[in-house]
Amino acid sequence: MEVELYEHSGEKYFVVDAHIALWDARPENQRNIHGKQFIDCFYDYHRNLSPASELWSYEQYLYYADRLMKDLFTDGYVDHAIFQPAYLGEFYHRGFGQTEEAWALTQQHPDQLTYNHCYDPRNGEAGLDQLRLDAERFGLKGIKLYTAEWHGESRGYKLTDPWSRRYLELCQELGIKNIHVHKGPTIRPLDRDAFDVADIDGVASDYTDLNFVVEHVGLPRLEDFCWIATQEPNVYGGLAVAIPFMHTRPRYFAQIMGELLYWIGEDRILFSSDYALWTPKWLVEQFVEFQIPEDMQPEYSPITTAQRKKILGLNAAALYDIPVPEELQIRAAPDEVPVASEAPDLRVPVA
Amino acid sequence: MTAVDSPLTPSSHPRAGRAPGPHDGVVADAVRAALGTVMDPELDEPITDLGFVSEQRIDEVGDGRVDVEVHLRLPTSFCAPNFAYLMAADAQDALGRIDAVREIAIFLDDHHDSTKINSGLAAGGGYRGTFAHEADDSLDELRMIFRRKAHTAAMERSCSALIRAGARTVEDLHSLRVGDLPKDASTDALLRRRLDLGFSNAPEALVMVDDRGAPIPEDQVPLRLRFARTTRISIDGNAHFCRGLLRTRYPGSGDDQTARADDPDLTLRDSHPTTPESER
């Protein structure tokens, strides 16, 4: 494998972007007002947390297939990226994530791209059949779930719902071992907190041979995510949405990293740009230089280079069996032996 | 806060289409105060401080009575509809407690469930009437979950401040009592959260208590405080995010946001200009 690795201050990094998308939110694909509201919401995230130099125009943000490879691999230092599509068929005629285009790119660049697909357990038996076909067609190692997906009369589901369990069981059978879970604002019934991650706790205990990657490290429920990840060794956290705080709110991002390293440790945190919400170039550049501010270091240990390497790529590479150049494997220097987080037993009621 | 943007003075607002009446100031203040009691359950802050109240309109209807129209705005179209409903319904209830108010119209603007929530509120349908098959019972338990989180975060702020000041160590926190707390904003906030949960605020009451008000055993205090910090950081982070997104979504709305006493960092202005709205 011939790759040019990102190098900074004499250290080389193998970068895996564990969450990217190729969406089409142009007006002709918007099925209703919600299609516009959804992309406008994304665009506000982009505008609010990106550095001024990295801002896209609204037009560009609607559809960007022609620049994806450049943004990720030419400019963005990414060595491998994983598609995590959202379907959103209630908002977009041809769906939000563009399966055929993403799959075509993946076939053209199999060393650089992995295509994860999505399913909706409310599709019942027919969906199970489709999942079998999709697993074979795409060679699925992972799947992306959006629990707040709208589906007819229903606007959300829990991973512990009976049909969801049947799909997870099929994932086990088909060798789809990485389940990426993205929580959203709606659920049925609305009596509950849609962002609650307790259902991930439930399925992580029941399906121990599957890995559950909680996108956005559980935000807006970071504490609940940390809680379940401490209890369940097969729960991981994706840094999408959290990592751009590094630019606008570095002290807050330092707290997030400090909390994550304390509760779940350096082996279960995955770098994710959430492209095209944000572009990886500035995220990678800033992350390799990011450090807990000195006045916060009594509370949090400084972040080591070895930890950055794991988070930026090695952890995701291990989940997806992505080959990593020999020189990039971690050989801990004597003064940089990462401190393993002792998972404390916290079996006390939270709520 | 500029006079033009201020929702405090209806007479200055472009949509208030009449001359100011004699009761305007008093009623406007009462309306504003009532809205200031409405909390965002997730962020544990008044909707008025967050900039979520975009407009209040007061129309005199004779007999010294008024009709009130309030518009709410949120950081995204996709903010959770159950929390959006709670805030709008709480605003309606709070205004209903003002004697001079006759009709109340609450509008949640620019949200994916605006139609559903606005018509539900107008019809007085309650939570179940508004969300029909999507509502099982009530939002009481949801509200309680976030009151508990708010208490946990407030407890951590107070205790960590004492530790930072050298007044206490983690080891002797278990014996900390309400009467030992300093007179400051953090203590006020904590006492309010305790009251919300029905805990005693007597001077001898213990500070380190669990979600049900039971004292936390001495050996569990360090870990509970550690987890409470994570809870506090999560809530603070959401507040950063929501305030920032509101300012991005509604240019100028930062003028309607008020600093939180115990986290002035929350009102930091955005570090860069956002792209022109005209591109949308």
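Values in this document were obtained by computation on a predicted structure and should not be read as measured data.

A. Highlighting the overall build of chain A. Within chain A, the regular secondary structure consists of 12 helices and 11 strands. In terms of C-alpha radius of gyration, chain A reaches 19 Å, essentially the compact-globule figure of 20 Å for 351 residues. In terms of principal-axis extent, the alpha carbons of chain A reach across some 55 × 50 × 35 Å. A burial count over chain A gives 51% of its 351 residues as buried. Within chain A, contacts between residues separated by at least 24 positions form 77% of all contacts whose residues are at least 6 apart in sequence.

B. Just the overall build of chain B, in detail. Each helix and strand in chain B was counted, giving 8 helices and 5 strands. Order of helices (α) and strands (β) in chain B, N terminus to C terminus: α-β-β-α-β-β-α-β-α-α-α-α-α. Taking all 280 residues of chain B together, 41% fall into the buried category.

C. Here's a closer look at the domain arrangement of chain B. Residue and element names in this part refer to chain B. In terms of domain boundaries, chain B breaks down into domain 1 (10–134) and domain 2 (140–235). Here domain 1 and domain 2 have C-alpha centroids that lie 32 Å from each other. Across the contact, 6 residues belong to domain 1 and 5 residues belong to domain 2. Residues of the side of domain 1 that touches domain 2, tallied by class, amount to 3 nonpolar, 1 polar and 2 charged.

D. Molecular detail of the environment of His111(B). Residues and elements named next belong to chain B. Tracing the chain through its elements places His-111 in the loop between strand 5 (101–108) and helix 4 (114–122). In the structure, His-111 is positioned 30 residues away from Pro-81 in sequence and 8.4 Å away in space, judged by C-alpha atoms. Not counting residues up to four positions away in its chain, the partners in contact with His-111 are Leu-74, Ser-77, Cys-79 and Ala-84.

E. Representation of the UniProt feature "domain: Amidohydrolase-related" (unreviewed entry) in chain A in the model. With numbering aligned to this structure, UniProt lists the feature "domain: Amidohydrolase-related" (unreviewed entry) at residues 16–322 of chain A. Spanning residues 16–322 of chain A, this segment combines 42% helix with 11% strand, and its end C-alpha atoms are found 9 Å apart.

F. Structural context of helix 4 of chain B. All names here are of chain B. Along helix 4, the residues that are buried comprise Ser-114, Ile-117, Gly-120 and Leu-121. All buried residues of helix 4 lie within an arc of 145° about the axis, which places them on one face of the element. Facing away from the buried side of helix 4, by more than 90 degrees, are the exposed residues Thr-115 and Ser-119. Check the buried side of helix 4 and you find it contacts helix 3 (81–96), strand 5 and helix 5 (126–131). Looking at the residues trailing helix 4, positive phi occurs at Gly-124, about 65°.

G. Examining the sheet that holds strand 5 (residues 113–115) of chain A more closely. Residue and element names in this part refer to chain A. Across the sheet, 3 strands lie side by side as 3-4-5; this open sheet has parallel pairing. Of all the strands in the sheet, the pair left with one neighbour each is strand 3 (16–20) and strand 5. Strand-to-strand twist across the sheet, computed as the mean angle between neighbouring axes with direction ignored, equals 20°. When strand 4 (residues 80–83) meets strand 5, the two strands line up parallel, connected through 3 bridges. Directly across from Ile-82, in strand 5, lies its bridge partner Thr-114. Of the strands in this sheet, strand 4 and strand 5 touch helix 4 (residues 99–108), which is tilted by about 140° from strand 5.

H. Region of interest: the interface of chain A and chain B. Facing the 41 residues of chain A at the interface are 44 residues of chain B. Within the residue set of the side of chain A that touches chain B, elements represented by two or more residues are helix 1 (33–49), helix 8 (222–231) and helix 10 (250–263) of chain A. When residues in the side of chain A that touches chain B are grouped by element, the largest group, 8 residues, is from helix 1 of chain A. Here the residues of the side of chain A that touches chain B are counted per class, giving 21 nonpolar, 7 polar and 13 charged.

I. Structural context of helix 12 (residues 305–320) of chain A. Residues and elements named next belong to chain A. Its 16 residues place the ends of helix 12 22 Å apart at the C-alpha level, agreeing with the 22 Å of an ideal helix rising 1.5 Å per residue. The sharpest bend along helix 12 reaches about 55° and sits at Ile-311. Here helix 12 has its buried residues at Gln-307, Arg-308, Lys-309, Lys-310, Ile-311, Leu-312, Gly-313, Leu-314, Asn-315, Ala-316 and Ala-317. Residues of helix 12 that are buried make contact with strand 2 (11–13), strand 3, helix 10, strand 11 (269–270) and helix 11 (280–289). Following helix 12 by one or two positions, Asp-321 has its phi on the positive side, about 50°.

J. Spotlight on unusual backbone geometry. All names here are of chain A. Note the cis peptide between Leu-219 and Pro-220, where omega equals 10°. Structurally, Pro-220 can be placed in the loop between strand 9 (211–214) and helix 8. Looking along the chain, the bond that leaves Tyr-275 and enters Ala-276 is cis, with omega of 10°. If you check the backbone angles, Asp-274 has positive phi at about 65° while not being a glycine. Following the sequence through the fold, Asp-274 ends up in the loop between strand 11 and helix 11.

K. Layout of the sheet that holds strand 7 (residues 142–146) of chain A. Residue and element names in this part refer to chain A. Taking strand neighbours across the sheet as the criterion, the 6 strands line up as 6-7-8-9-10-11 in an open arrangement whose pairing is parallel. Each end of this open sheet is capped by a strand with a single partner; those strands are strand 6 (117–118) and strand 11. In the sheet, strand 8 (residues 178–182) pairs with strand 9 via 4 bridges, with the strands oriented parallel. Across the sheet, the residue bridging to Asn-178 is Asn-211, located in strand 9.

L. Layout of the packing of helix 6 (residues 140–164) of chain B against helix 7 (residues 185–196) of chain B. Residues and elements named next belong to chain B. The contact between helix 6 and helix 7 brings their axes to 9 Å, and the two run at 150°. Taken together, the axes of helix 6 and helix 7 lie roughly antiparallel to each other. As helix 6 runs across helix 7, the sense of the crossing is left-handed. Of the residues in helix 7, those in contact with Arg-147, Ala-150, His-151, Ala-154, Met-155, Arg-157, Ser-158 and Ala-161 of helix 6 are Ser-186, Thr-187, Ala-189, Leu-190, Arg-193, Arg-194 and Asp-196. A class-by-class count of the residues in the contact of helix 6 with helix 7 yields 6 nonpolar, 4 polar and 5 charged.

M. Looking closely at the packing of helix 6 of chain B against helix 8 (residues 221–249) of chain B. Residue and element names in this part refer to chain B. Running from amino to carboxyl end, helix 6 crosses helix 8 at an angle of 110°, the nearest separation of the two axes being 8 Å. Judged by the inter-axis angle, helix 6 sits roughly perpendicular to helix 8. For the pair helix 6 and helix 8, the sense of crossing is left-handed. For the pair helix 6 and helix 8, contact is made by Lys-149, Thr-152, Ala-153, Met-155, Glu-156, Arg-157, Cys-159 and Ser-160 and by Leu-225, Ala-228, Arg-229, Thr-231, Arg-232 and Ile-235, respectively. The residue makeup of the contact of helix 6 with helix 8, split by class, is 6 nonpolar, 3 polar and 5 charged.

N. Main features of the UniProt feature "domain: MIP18 family-like" (unreviewed entry) in chain B. The UniProt feature table records "domain: MIP18 family-like" (unreviewed entry) at residues 29–104 of chain B. The span residues 29–104 of chain B is 36% helix and 34% strand, and its two end C-alpha atoms sit 16 Å from each other.

Cut-offs applied
The numbering scheme is per chain: residues are counted from 1 as the chain's sequence reads. Labels follow written order: the first chain is A, the first ligand is 1, and so on. Residues qualify for local features only when their pLDDT is at least 70, as the model is predicted, and side-chain atom pairs are given and counted only at 80 or more; totals for whole chains, interfaces and linings, by contrast, use all residues. Counting from the N terminus, the helices are DSSP H or I runs at least four residues long and the strands are E runs at least two residues long. For this measure, only C-alpha atoms enter the radius of gyration; the expected value for a globule follows 2.2 Å times N^0.38, where N is the number of residues. Every C-beta atom is placed from the backbone, and the number of other C-beta atoms within 10 Å of a residue's own sets its class: buried at 20 or more, exposed at 12 or fewer, partly exposed in between. Any two residues are considered in contact once their C-beta atoms, placed from the backbone, lie within 7 Å. Domain extents, as shown, originate in an automatic or database domain assignment. Gly counts as polar in this scheme, as do all residues outside two lists: the nonpolar Ala, Val, Leu, Ile, Met, Phe, Trp, Tyr, Cys and Pro, and the charged Asp, Glu, Lys and Arg. UniProt positions are given in the numbering used here, feature names are shortened, and annotations may be inferred rather than shown by experiment. Within this analysis, the arc is defined by the directions that extend from the helix axis to the C-beta atoms. Two strands qualify as a pair provided DSSP detects at least 2 bridges between them. Geometry is summarised by axes, namely lines fitted to C-alpha atoms with helices restricted to the contacting stretch, and by angles between N-to-C directions that run from 0 to 180 degrees. Expected helix span is given by 1.5 Å per residue-to-residue step, counting one fewer step than there are residues. Fitting one axis to the seven residues ending at a residue and another to the seven starting there, the bend at that residue is the angle between the two axes. Angles are sorted into four bins: roughly parallel if under 35 degrees, roughly antiparallel if over 145, roughly perpendicular if 65 to 115, and oblique for all others. A clockwise turn of the near helix away from the far one marks a right-handed crossing, whereas an anticlockwise turn of less than a right angle marks a left-handed crossing.

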